[in-house]
Amino acid sequence: MVGPSSSHTAGAVKLGKTAMELAYKNFYKVTFYLHGSFAKTYKGHGTDKALVAGILGFEPSDDRVKYSLDIAKSNNLIIEFQEAEFEYAHPNTAKIEFHYLNNPAFFVVGSSIGGGNIVITNINGDDVEFTGQYPTILLKYIDKKGMISQISTILANNEINIASMKVTRSNNLATFVCETDNIITDKAKEEILKISDIDIARFINPVRS
């Protein structure tokens, strides 16, 4: 781990990297809305460098974490930090908003909860809950009968065990979050992507400390 604090550095890197893996690519600007302890101490504890390192794709142990702000600048990536207040949020919470030239902004809300661990609580307005400690599948699709059965059958046929699963529904769309005990193979990904009416699909592997 690079940095003085597992919550403010290692956890922040994981938070940024997980958000980046959920977001659409080719963003030109990222705004970090920081709540609570993150907002008050982010410069002194290196949380700003850690969050930016994450959205650049670095691991918490990467020595480049210390230089992430300069690396982002050299890549013409605009970085902004703003203080914010989120109701009922953990003290180490950030809303990470990705901006695009030709697409609407996309945001992820998550918290660094101690010991380098994180929890993602919202993705672009949809309430979720997963930790990034397990391989994770995020899908958004038209809500209809048989979708969960199709997905779970593909996972079972590829010998991927479901650790936890949660589905929420809004405006005829379902958001499916599934943590697994096994890495999601390319074959399983390809089979899931062939299911009709899937709008968003993300496959996230755990971030190493």
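So, here is what we can say about the structure in this document. What you see is a predicted model; the values in this text were computed from it and never measured.

**Some details on the sheet that holds strand β4 (residues 106–114)**
In space, the six strands of this open sheet follow the order β2-β1-β3-β4-β5-β6, with mixed pairing throughout. The sheet terminates laterally at β2 (78–84) and β6 (126–130), the two strands that pair on one side only. Recorded for the sheet is a direction-independent mean angle of 20 degrees between the axes of neighbouring strands. Where strand β3 (residues 92–99) meets β4, six bridges bridge the pair, whose relative direction is antiparallel. Residue pairing in the sheet places Lys95 in a bridge with Val109 of β4.

**Here we look at the pattern of salt bridges**
Pairs can form between side chains of opposite charge once their charged atoms are near each other. Applying the stated rule across the entire model yields 11 salt bridges. The partner of Glu59 in a salt bridge is Lys17, with the nearest N and O atoms 3.8 Å apart. With Glu59 in the loop between α3 (47–55) and α4 (68–74) and Lys17 in helix α1 (residues 6–22), this residue pair connects regions lying 42 residues apart in the sequence. Judged on exposure class, the residue Glu59 and its partner Lys17 are both buried. One network of salt bridges, in which partners are shared, links Lys17, Glu21 and Glu59.

**Remarks on a nonpolar patch on the surface**
Together, Tyr28, Ile78 and Leu101 line one region of the surface with nonpolar side chains, adding up to about 310 Å² of accessible area. Of note, Ile78 is situated in strand β2. Here Ile78 falls in the partly exposed class, since its relative accessible area comes to 40%.

What counts, and where the lines are drawn
- Residues numbered from 1 in each chain as written.
- Predicted model: local features only at pLDDT ≥ 70, side-chain atom pairs only at ≥ 80, totals over all residues.
- Heavy atoms only, no water.
- Pairing = 2+ DSSP bridges.
- Helix = DSSP H or I, 4+ residues; strand = E, 2+ residues; numbered from the N terminus.
- Axes fitted to C-alpha atoms, helices over the stretch in contact; angles between N-to-C directions.
- Salt bridge = Lys/Arg side-chain N within 4 Å of Asp/Glu carboxyl O.
- Buried < 20%, exposed > 50% of the residue type's maximum accessible area, 1.4 Å probe, protein only.
- Patch = residues over 30% accessible without salt bridge, like charges linked within 9 Å, V, L, I, M, F, W, Y side chains within 5 Å.
- Areas by Shrake-Rupley, 256 points an atom, 1.4 Å probe, with all protein chains shown as cover.

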